[in-house]
Amino acid sequence: MNLLTHTLDSLWQVVLVGLLLGAGLPSLFALGVRALDTGRGSDGAPTPTAKSAAVLCFAVVACAVLAGILLLADDFLAGTFGIDLF
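The structure presented is a predicted model; accordingly, all values stated were derived computationally and were not measured. (Residues numbered from 1 in each chain as written. Predicted model: local features only at pLDDT ≥ 70, side-chain atom pairs only at ≥ 80, totals over all residues. Heavy atoms only, no water.)

> Would you explain the overall build of the protein in this entry?
Each helix and strand counted, the protein has three helices and zero strands in total. Rg of the C-alpha trace for the protein: 19 Å, well past the compact-globule value of 12 Å for 86 residues, more than 25% over. Expressed as a percentage of the 86 residues in the protein, the buried residues total 12%. When the accessible area of the protein is evaluated, it comes to approximately 6500 Å², of which 74% is carbon and sulfur surface. (Helix = DSSP H or I, 4+ residues; strand = E, 2+ residues; numbered from the N terminus. Rg over C-alpha atoms; globule rule 2.2 N^0.38 Å. Buried < 20%, exposed > 50% of the residue type's maximum accessible area, 1.4 Å probe, protein only. Areas by Shrake-Rupley, 256 points an atom, 1.4 Å probe, with all protein chains shown as cover.)

As structure tokens, this is what we get:
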């Protein structure tokens, strides 16, 4: 029974991270693109509110991608340059 509860505990964590990173980041990027498209003024240019919302969405996605790359390269950076990030 202990094996089953441990497996189910690990499974929900994997599913949650998969949903956040697998569907959440692309959805956030799409939300930023949508904000730029729908938030247009009378002259056709994006409004400042739409620009700031899009920049915020794109910044969160870029930070998550950068954190993922640094997480993957952590051993290389630590072994080659002596930089311990995580």
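> Looking at this structure, how should I read the packing of aromatic side chains?
The geometry of an aromatic ring pair comes down to the distance between the two centres and the angle between the two planes. According to the stated counting rule, one finds two aromatic pairs in the structure shown. Between phenylalanine 29 and phenylalanine 58, the aromatic rings sit 5.2 Å apart at their centres with planes inclined by 45°, giving tilted as the arrangement. Pair noted here: phenylalanine 29 is in helix α1 (residues 2-38) and phenylalanine 58 is in helix α2 (residues 48-72), with a separation of 29 residues, a long-range link. A relative accessible area of 26% places phenylalanine 58 in the partly exposed class. (Phe/Tyr/Trp six-rings, centres within 6.5 Å; stacked < 30°, edge-to-face > 60°.)

> In this structure, what is going on with the packing of α1 against α2? I would like to understand it.
When two helices pack together, you describe them by how their axes are tilted relative to each other and by the distance separating the axes. Closest axis-to-axis distance for the α1/α2 pair is 8 Å, and the angle between their directions is 160°. Considering their axes alone, α1 and α2 lie roughly antiparallel with respect to each other. Relative to α2, the crossing made by α1 is left-handed. Residues Leu25, Leu28, Phe29, Leu31, Gly32, Val33, Ala35 and Leu36 of α1 form the contact with α2, whose own contacting residues are Ala50, Lys51, Ala53, Ala54, Cys57, Phe58, Val60, Val61 and Ala64. In terms of residue class, the contact of α1 with α2 is built from 15 nonpolar, one polar and one charged. (Axes fitted to C-alpha atoms, helices over the stretch in contact; angles between N-to-C directions. Parallel < 35°, antiparallel > 145°, perpendicular 65-115°, else oblique. Left-handed = near helix turned anticlockwise from the far one by under 90°. Contact = heavy atoms within 4.5 Å. Nonpolar A, V, L, I, M, F, W, Y, C, P; charged D, E, K, R; others polar.)

> Please explain the state of the cysteines as it appears in this structure.
Here, disulfide denotes a covalent bond that connects the sulfur atoms of two cysteines. The tally for this structure, following the rule as stated, stands at zero disulfides. Free of any disulfide, cysteine 57 has its nearest neighbouring cysteine sulfur in cysteine 63, separated by 12 Å. With relative accessibility at 9%, the residue cysteine 57 sits in the buried group. (Disulfide = S-S within 2.5 Å.)

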